[in-house]
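Summary of the model geometry
Below are the chains, spelled out letter by letter.
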Amino acid sequence: MFILSKLLGFLLNPLIWIGTLLVLGLFIQRNRIYLLRAALILFLVFSNPLLSNWIMSLQEADPVALDSSNTNRVGILLTGMTCALIDKPGIHFESGADRFTETLALYKTNVIERIIITGGSGLIGNQEFTEAPLLADLAGKYGVPDSVLILETRSRNTYENALFTKPLLDSLEVEKCLIITSSFHMNRALKCFEKQGVESYGFPTDFRAAKLDFSIYSFVPSTSAIFCWETLLHEWFGMVYYRLKGFT
């Protein structure tokens, strides 16, 4: 089921839909005009930055302000922010790097005392690549002691993040924890931990919705808008899939 969910998630890309319609339009002469019109409509909808930005703003959790008066024993950092495909030394962050940097800031400002980094390999092929140890090593270079860090390296998705982190929290006798993940992903993450009986609240990061701007640039087709829709569709698919599977 893990592989199937990944494959279905891969298909939730507007570029695949548009490209498929264009290819069909080239080879199916009878319905060519309808297929090309459908491809054009999809392109105009999914490439519109104003629309994608607005929908993303509705999806994202609200920002949270925390200081040392809100001390938590444990902050849980959900991985999924690095790229395993770059064959160069070091860690190569993708768009979710805020998850890591904000976690460091929360520790440095005494908001959290311990950090659980949860995440193994979310890839179908490369099972050797695990994010948690890489991020722990980098955190150490920024002055976070090994005694502060706890690693969970088996999980492949958000459901397993919660499932495999629960025993760690039980061993620490933690009653409540702070979940650190991307704002668009926060709702599903909190529900997964709640399903495992973990009392938690979120610290959303990696905000992607900008201030709504009604300038001429808001109507110029943008590839970033298409990628934004890919993120939204993947998250919505995950929410529905998790509900059907009983993960949330």
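For the structure itself, consult the block above.
In this text, all values refer to a predicted model and were calculated from it rather than measured experimentally.

What counts, and at which threshold
Residues numbered from 1 in each chain as written. Predicted model: local features only at pLDDT ≥ 70, side-chain atom pairs only at ≥ 80, totals over all residues. Heavy atoms only, no water. Helix = DSSP H or I, 4+ residues; strand = E, 2+ residues; numbered from the N terminus. Contact = heavy atoms within 4.5 Å. Core = buried A, V, L, I, M, F, W, Y, C linked by side-chain atoms within 4.5 Å. Buried < 20%, exposed > 50% of the residue type's maximum accessible area, 1.4 Å probe, protein only. Lys, Arg positive; Asp, Glu negative; His and termini not counted. Salt bridge = Lys/Arg side-chain N within 4 Å of Asp/Glu carboxyl O. Polar contact = N/O pair within 3.5 Å; in protein donor to acceptor, adjacent residues only side chain to side chain. Pairing = 2+ DSSP bridges. Axes fitted to C-alpha atoms, helices over the stretch in contact; angles between N-to-C directions. Expected span 1.5 Å × (residues − 1). Arc of directions from axis to C-beta.

Looking at the overall build of the protein
- Each helix and strand counted, the protein has 9 helices and 5 strands in total.
- Scanning the protein from its N terminus toward the C terminus, one meets helices and strands in the order α-α-α-α-β-α-β-α-β-α-β-α-β-α.
- By its C-alpha atoms, the protein is 65 × 40 × 40 Å across when sized along the principal axes.
- Across the protein, every contact between residues at least 6 apart in sequence was considered, and the portion connecting residues at least 24 apart equals 73%.

Some points on the nonpolar core
- Formed by 21 residues in total, the largest nonpolar core has its most connected members in Phe 100, Ile 112, Ile 115, Ile 117 and Val 144.
- Within the residue set of this core, elements represented by two or more residues are helix H5 (98–108), strand S2 (112–118), helix H6 (131–141) and strand S4 (176–182).
- Counting residues per element, this core draws most heavily on H6, which supplies 5 residues.
- If we skip the residues at most four places from it in the chain, Ile 117 touches Leu 77, Thr 79, Ala 132, Leu 135, Ala 136, Leu 149, Ile 150, Leu 151 and Glu 152.
- In terms of nonpolar packing, the next biggest core, distinct from the first, is built from 20 residues, Val 74, Ile 76, Met 186 and Tyr 242 among them.

Some words on the side chain of Glu 152
- Mapped onto the elements of the fold, Glu 152 is located in strand S3 (residues 149–152).
- Of the side chains with opposite charge, Arg 154 lies nearest to the buried Glu 152, which makes no salt bridge, at 4.7 Å.
- Polar side-chain contacts of Glu 152 include one of 2.6 Å to the backbone nitrogen of Arg 154.
- Here Glu 152 is in contact with Ile 117, Thr 118, Gly 119, Gly 120, Ala 132, Asn 161, Phe 164, Thr 165 and Leu 168, once residues within four sequence places are set aside.

Some words on the sheet that holds S4
- Strands sit in the order S3-S2-S1-S4-S5 across an open sheet of 5 strands; the sheet is parallel. The sheet terminates laterally at S3 and strand S5 (199–205), the two strands that pair on one side only. Recorded for the sheet is a direction-independent mean angle of 25° between the axes of neighbouring strands.
- Both strand S1 (residues 72–78) and S2 contribute to a ladder of 6 bridges, which runs parallel. Looking at S2, one finds that Gly 75 is bridged to Ile 115.

Remarks on helix H2 (residues 14–27)
- With 14 residues, H2 should cover 20 Å at 1.5 Å per step; its first-to-last C-alpha distance of 20 Å lies within 8% of that length.
- All buried positions along H2 are accounted for by Pro 14, Ile 18, Leu 21 and Gly 25. Looking straight down H2, one finds that the buried residues subtend no more than 65° of arc, so they occupy a single side. H2 presents Leu 26 and Phe 27 as exposed residues on the side facing more than 90 degrees away from its buried surface.
- Residues of H2 that are buried in the fold lie against helix H3 (32–46) and helix H9 (223–245).
- The N-capping residue of H2, defined by a side-chain oxygen 2.9 Å from the backbone nitrogen of Leu 15, is Asn 13.

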